Amino acid sequence: MTTARKSDVAERASRPASALARAGVRPAKSRGQNFLTSAGVANRIVAAAELCESDSIIEIGPGLGILTEKIAARPRRSLTLIELDSRLAARLKERFADVRIVNEDFLAIDFAALLDDSRAKLIGNLPFNVAAAILRRLCDNSRMISRMVLMFQREVAARIRATPGDDAYGALSVFTALYWKIDLHFTVAAGSFHPRPKVDAEVLAFAPLPTPSFAASDERDVLETVRASFSAPRKTIRNALSHALGIDSAQTVRALERAAVDPGTRAEKLGVPDFLRLAHALRIELADGIVARDA
């Protein structure tokens, strides 16, 4: 197994600006590039992934490779790095000869094509500006993932792990809870990155639910119900659904009553079971399905 020299590792951890300059990379705010520099945090992230020698591992946004170095030192089945910046991808290829490197945008990639015949573990310090979008893409592919340990801007992490009634609770909270259980989280201080962001970050560990929340055939209707419910946060769920789905109030009220949901409540008060019942009730009320009706 090929790993970087210890002296190189120390320099990259302590002098990220020099390493980026040698690669010809200037951190871009538009790409959400904040490079982790703390070896201690990197160790905690990799430990949270609970890696073993049979794992197929995918790292999103390896950057200077501080997490990659920790992962590459572990026994594993395979390791794939997804790096958008071609200059960083080239340097990673020089340093990690036994690792597959994909120089593409994760949001545009064919996720299934990355995998062998086993489910993958995902690790990543996600670009802050697209982290929520990446999580949604991972939710779409949850059946191919055995565990994820991902870093987000702290306020985004708060939305992801929020529960009904919390100030941060919203559609992203529900989308996440439909697929995952968050079994670990910890804060990473802003000073652990270069360049230093204005806010702290947070690492979340995701385990897939042992039993899916819904049948695969119901997924689109469930997701559309959640989106519609949160489409107007200050409105009652009756008004939000009627406006977002283009149906009259009487239909909406009948569906809400069938689902045992108070038409005067707001989406922020409802949990996953409520949205699952509501999606089923709307499908019955609209007959041809929520997505078909909304299309």
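Not measured: the values here are computed from a predicted model.

Student: Would you take a moment to explain the overall build of the chain for this structure?
Tutor: When helices and strands are tallied, the chain shows 13 helices and 9 strands. Burial statistics for the chain: of 295 residues in total, 52% are counted as buried. Looking at the chain alone, contacts between residues at least 24 apart form 68% of all its contacts between residues at least 6 apart.

Student: Explain the sheet that holds strand S4 (residues 100-102) here, please?
Tutor: Sheet strands associate in pairs through backbone hydrogen bonding, adopting either a parallel or an antiparallel arrangement. Pairing within the open sheet is mixed, and its 7 strands lie in the order S4-S3-S2-S5-S6-S9-S7. Two strands in the sheet have a free side with no partner beyond their single neighbour: S4 and strand S7 (180-188). Here the strands of the sheet are splayed against their neighbours by 15 degrees on average, with no regard to which way each runs. By the bridge criterion, 5 bridges tie strand S2 (residues 56-60) to strand S5 (residues 120-125) in an arrangement that is parallel. By the bridge assignment for S5, Ile57 is matched with Lys121. Across the sheet, helix H6 (residues 131-140) lies against S2, S5, strand S6 (145-153), S7 and strand S9 (201-208), angled at about 170 degrees from S6, the strand it touches most. Its contacts with the sheet put helix H8 (residues 171-179) on S7 and S9, and the angle it makes with S7 is roughly 125 degrees.

Student: I tried to follow the packing of helix H10 (residues 237-245) against helix H11 (residues 249-258) on my own but got confused; where do I start?
Tutor: Each pair of packed helices gets described by two things: the angle between the helix axes and the distance between those axes. Where H10 contacts H11, the two axes come as close as 9 Å, and the packing angle between them is 125 degrees. Relative to H11, the element H10 is oriented oblique. H10 and H11 meet at a crossing whose hand is right-handed. Facing Ile237, Arg238, Leu241 and Ser242 of H10, the residues of H11 in contact are Ser249, Thr252, Val253 and Leu256. Residue composition of the contact of H10 with H11, by class: 4 nonpolar, 3 polar and 1 charged.

Student: Help me understand the nonpolar core in this model?
Tutor: Inside soluble globular proteins, nonpolar side chains tend to come together where they are buried. Within the largest apolar cluster, 57 residues are counted, with the highest numbers of intra-cluster contacts made by Phe111, Leu122, Leu138, Met148, Phe152, Leu178 and Phe206. Residue contributions to this core peak at 7 residues, all from helix H12 (residues 272-286). Not counting chain neighbours up to four residues away, the residues in contact with Leu178 comprise Leu209, Ser213, Phe214, Val222, Leu223, Val226, Val272 and Leu276. By size, the runner-up hydrophobic cluster in this structure holds 30 residues, among which are Ala49, Ile66, Leu67 and Val203.

Student: Explain the packing of H8 against H12 to me, please; I cannot follow it from the model alone.
Tutor: With their axes 10 Å apart at the nearest point, H8 and H12 run at an angle of 90 degrees to one another. With respect to their mutual orientation, H8 and H12 come out roughly perpendicular. In this structure, H8 uses Val174, Ala177 and Leu178 to contact H12, whose residues at the interface are Val272, Phe275 and Leu276. Its residues placed into classes, the contact of H8 with H12 shows 6 nonpolar, no polar and no charged.

Student: Would you take a moment to explain the confidence of the model for the chain for this structure?
Tutor: The predicted coordinates ought not to be read in detail in places where the model reports low pLDDT. Mean pLDDT for the chain: 90, with 89% of residues reaching 70 or above. Scored below 50 in pLDDT, residues 1-12 makes 24 contacts in the model with residues more than four places away or belonging to other chains.

Student: Just to check I follow, could you spell out helix H3 (residues 39-48) for this structure?
Tutor: For the α-helix, the turn length of 3.6 residues means that residues three or four positions removed from each other point alike. Among the residues of H3, Val41, Ala42, Ile45, Val46 and Ala48 are the ones counted as buried. Within H3, the buried residues cover an arc of 160 degrees as seen down the axis, which keeps them to one side. Turning to H3, the residues buried within the fold contact strand S1 (35-36), helix H4 (66-72), S5, S6, S7 and S9. Phi for Glu50, located one or two positions after H3, is positive at around 55 degrees.

Student: In this structure, what is going on with the pattern of salt bridges? I would like to understand it.
Tutor: For side chains bearing opposite charge, pairing can occur when the charged atoms are close. For the structure on display, the rule yields 16 salt bridges. Through salt bridges that share partners, Glu50, Arg147 and Asp183 make up one connected network.

The rules behind these values
- Residues numbered from 1 in each chain as written.
- Predicted model: local features only at pLDDT ≥ 70, side-chain atom pairs only at ≥ 80, totals over all residues.
- Heavy atoms only, no water.
- Helix = DSSP H or I, 4+ residues; strand = E, 2+ residues; numbered from the N terminus.
- Buried < 20%, exposed > 50% of the residue type's maximum accessible area, 1.4 Å probe, protein only.
- Contact = heavy atoms within 4.5 Å.
- Pairing = 2+ DSSP bridges.
- Axes fitted to C-alpha atoms, helices over the stretch in contact; angles between N-to-C directions.
- Parallel < 35°, antiparallel > 145°, perpendicular 65-115°, else oblique.
- Left-handed = near helix turned anticlockwise from the far one by under 90°.
- Nonpolar A, V, L, I, M, F, W, Y, C, P; charged D, E, K, R; others polar.
- Core = buried A, V, L, I, M, F, W, Y, C linked by side-chain atoms within 4.5 Å.
- pLDDT = per-residue confidence, 0-100.
- Arc of directions from axis to C-beta.
- Salt bridge = Lys/Arg side-chain N within 4 Å of Asp/Glu carboxyl O.

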